[in-house]
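Descriptive analysis of the structure
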Amino acid sequence: VQLQASGGGLVQAGGSLRLSCAASRRISSGHVMGWYRQAPGKQRELVALKSSGGDTMYAESAKGRFTISGDNAKNTVYLQMNSLKPEDTAVYYCRYVPFGAAYDYWGRGTQVTVSS
């Protein structure tokens, strides 16, 4: 499975972006998909997760501003980001973890830059 992330860009503080992550083929009925980010000089960190059952979880920094959702018919997961802050600037990566698999999949990342 290949994951293609898109939707990043340059936005002013307070603005919004919607990231998309499309899988190249049908994803497992049991899975977790998520978004992570990595800012320059920092470790990659979790932003949001969504299970195939609909459960979601968010990093504290994302709560109330970001929403993760999915479209199983399109094998795509989204991250709606509102009220963006300069500290949200990072490369955003999507991840797909099939239940019971010994491996996972990562997309190449999409750059999000928030100007003050």
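Up top is the structure these notes are about.
Please read these numbers as outputs of a predicted model, since none were measured by experiment.

Cut-offs applied
Residues numbered from 1 in each chain as written. Predicted model: local features only at pLDDT ≥ 70, side-chain atom pairs only at ≥ 80, totals over all residues. Heavy atoms only, no water. Buried < 20%, exposed > 50% of the residue type's maximum accessible area, 1.4 Å probe, protein only. Helix = DSSP H or I, 4+ residues; strand = E, 2+ residues; numbered from the N terminus. Pairing = 2+ DSSP bridges. Disulfide = S-S within 2.5 Å. Axes fitted to C-alpha atoms, helices over the stretch in contact; angles between N-to-C directions.

1. Notes on the pairing of strand S8 (residues 76-81)
Every other side chain in a regular strand lies on the same face of the sheet, so the side chains alternate between the two faces. For S8, the buried fraction is high: five of the six residues fall into the buried class. Where strand S3 (residues 17-23) lies against S8, six bridges are found, and the strand directions are antiparallel. In the strand pairing of S8, Ser 20 is matched with Tyr 78. As paired elements, strand S7 (residues 66-71) and S8 share six bridges and run antiparallel to each other. Each residue of the ladder has a partner; that of Ile 68, found in S8, is Leu 79.

2. Concerning the state of the cysteines
Evaluated as defined, the whole model comprises one disulfide. The partner cysteine of Cys 21 in its disulfide is Cys 94, sulfur to sulfur 2.0 Å. As the torsion about the S-S bond is roughly 60°, the Cys 21-Cys 94 disulfide counts as right-handed. Highlighted residues: Cys 21 in strand S3 and Cys 94 in strand S9 (residues 90-98), separated in sequence by 73 residues. By the burial criterion, Cys 21 is buried, and Cys 94 matches it.

3. Structural notes on the sheet that holds strand S1 (residues 3-6)
Strands sit in the order S1-S3-S8-S7 across an open sheet of four strands; the sheet is antiparallel. Looking at which strands have only one partner, the edges of the open sheet turn out to be S1 and S7. Pairs of neighbouring strands in the sheet enclose a mean axial angle of 15°, with direction left out of account.

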